[in-house]
Amino acid sequence: MGKIISISNQKGGVGKTTTANALAVNLKEKGYKVLAVDLDPQGNLSFSAGADTDMSATIYDVLKGELKTQYAVQRGTVVDIIPANILLSSIELEFTGAQREFLLRNALKPLIPLYDYILIDTPPALGVLTVNAFTASDYVLVPMLSDIFSLQGITQLEETIDRVRTQCNPDIQILGLLLTRHNPRTRFSREITGTVHMISSDLNIPVFETFIRESVALREAQSLQKSILDYAPACNAVIDYKTFTEELLEKGLTPCQKARMS
Ligand SMILES: Nc1ncnc2c1ncn2[C@@H]1O[C@H](COP(=O)(O)OP(=O)(O)OP(=O)(O)O)[C@@H](O)[C@H]1O
Ligand SMILES: [Mg+2]
């Protein structure tokens, strides 16, 4: 049965989409069956994975109940993906029913036996979309920049996950904080890293040993809709994401059993 991982942080531009893309590519490279789910109306993951968002079905159609989930899956240039586009932004207003937190969880259920990992990219907000992602997930991974504003948001994020744990999904676990676009050489970065570790022990959330360095090639690969492993296998950030994937798998992130090939 596949494991579902949300990549989430309500702060914008911290590397959620990049991490979702890089993790998806690396897990696939290791032979796992991976599905990416774009749950952000910005559709950035859909774009970088080479999915069509204009003419094809999206996660919005699925959540509205107008389409079976499997029909929204596209074979992207990178991995299988259920794309999103701007229509998804109306979901907050459209869905007001009592069970609205469970829409994604119910929609993904039939796909769980088909994949080893389902990765959900979330928007920079803690609204109904992110709550749907947490309700559907076994794990949450939190990318963050080593700056003070990122730190300020972590407590709020943790409170949201706690609320979901109490009300919708008792089994959700936080995998940890992943420092992205990190430059350990600056004094400022080192100071913040110290604070990150303090907060992590305060909130009892682990910090990954691997951090992701800044690399322009990563941005280029995304804008060209190429797999980062094909486009720039030797660039720092790509190497870091590979190491990070290994760290994640070593720390026990293994699917219950290999997914049935579809
Ligand atoms: N390690 C890195 N090196 C260089 N550029 C990076 C790195 N990680 C992310 N970026 C770039 O930073 C920008 C923001 O990253 P990304 O889109 O992954 O963040 P996000 O958290 O998903 O943003 P949003 O909250 O808007 O969804 C993008 O242009 C991305 O290409
Ligand atoms: Mg994003």
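What counts as what
Residues numbered from 1 in each chain as written. Chains lettered and ligands numbered in written order. Predicted model: local features only at pLDDT ≥ 70, side-chain atom pairs only at ≥ 80, totals over all residues. Heavy atoms only, no water. Helix = DSSP H or I, 4+ residues; strand = E, 2+ residues; numbered from the N terminus. Salt bridge = Lys/Arg side-chain N within 4 Å of Asp/Glu carboxyl O. Buried < 20%, exposed > 50% of the residue type's maximum accessible area, 1.4 Å probe, protein only. Near = heavy atom within 4 Å. Polar contact = N/O pair within 3.5 Å; in protein donor to acceptor, adjacent residues only side chain to side chain. Areas by Shrake-Rupley, 256 points an atom, 1.4 Å probe, with all protein chains shown as cover. Phe/Tyr/Trp six-rings, centres within 6.5 Å; stacked < 30°, edge-to-face > 60°. Axes fitted to C-alpha atoms, helices over the stretch in contact; angles between N-to-C directions. Parallel < 35°, antiparallel > 145°, perpendicular 65-115°, else oblique. Contact = heavy atoms within 4.5 Å. Nonpolar A, V, L, I, M, F, W, Y, C, P; charged D, E, K, R; others polar. UniProt positions renumbered as here; feature names shortened; annotations may be inferred.

K.L.:
Where do I start with unusual backbone geometry in this structure?
P.N.:
Leaving glycine out, the prevailing phi sign among residues is negative, and the prevailing peptide bond configuration is trans. Not every positive phi belongs to a glycine, and Arg-181 is a case in point at roughly 45 degrees. A positive phi angle, near 60 degrees, is found at Gln-225, a position not held by glycine. Residue position: Gln-225 is located in the loop between α9 (216–223) and α10 (228–231).

K.L.:
What is the right way to look at the pattern of salt bridges in this model?
P.N.:
A side chain of one charge can pair with a side chain of the opposite charge if their charged atoms are brought near each other. Following the criterion strictly, the structure yields nine salt bridges and no others. Arg-165 is paired through a salt bridge with Asp-162; the nearest N and O atoms lie 2.5 Å apart. Here the residue Arg-165 and the residue Asp-162 both occupy positions in helix α7 (residues 148–167), the gap between them amounting to three residues, near one helical turn. Residue classification places Arg-165 among the partly exposed residues on the basis of a relative accessible area of 27%. A salt bridge links Arg-219 to Glu-214; its shortest N-O distance comes to 4.0 Å.

K.L.:
Sorry if this is basic, but what is going on with the site of ligand 1 here?
P.N.:
Around ligand 1 sit 20 residues, and of these Lys-16, Thr-17, Thr-18, Arg-219 and Gln-222 come closest. Between Gly-13 and ligand 1, the recorded distance is 3.0 Å, taken from a backbone N or O atom to an oxygen atom. A distance of 2.8 Å separates a nitrogen atom of ligand 1 from a polar atom in the backbone of Ser-215. Protein contact buries 85% of the 630 Å² of open area that ligand 1 shows by itself. Those elements that provide at least two residues to the shell around ligand 1 are α1 (16–29) and α9.

K.L.:
What is the right way to read the packing of aromatic side chains from this model?
P.N.:
Two measures describe an aromatic ring pair: the distance that separates the ring centres and the angle between the ring planes. Evaluated as defined, the whole model comprises two aromatic pairs. Consider the rings of Tyr-32 and Tyr-117, whose centres lie 5.2 Å apart with planes at 80 degrees: the pair is edge-to-face. Residue Tyr-32 is found in the loop between α1 and β2 (34–38), and its partner Tyr-117 is found in strand β5 (residues 117–121); the two are separated by 85 residues along the sequence. The buried category is assigned to Tyr-32, whose relative accessible area is 19%. According to the relative accessible area criterion, Tyr-117 is buried, its value standing at 0%.

K.L.:
Sorry, what's going on with the packing of α7 against helix α8 (residues 187–203) here?
P.N.:
For any two helices packed against each other, one specifies the crossing angle of their axes together with the interaxial distance. Packing of α7 against α8 leaves a shortest axis separation of 10 Å and a crossing angle of 10 degrees. It follows from the interaxial angle that α7 and α8 lie roughly parallel. Each of Ile-148, Leu-151, Ile-154, Thr-155 and Glu-158 in α7 lies in contact with α8, whose residues at this interface are Ile-192, Thr-195, Val-196, Ile-199 and Leu-203. Taken together, the residues of the contact of α7 with α8 sort by class into seven nonpolar, two polar and one charged.

K.L.:
What am I meant to see in the UniProt feature "domain: AAA" (unreviewed entry) in the protein here?
P.N.:
The residues that UniProt annotates with the feature "domain: AAA" (unreviewed entry) are residues 3–174. Spanning residues 3–174, this segment combines 37% helix with 17% strand, and its end C-alpha atoms are found 13 Å apart.

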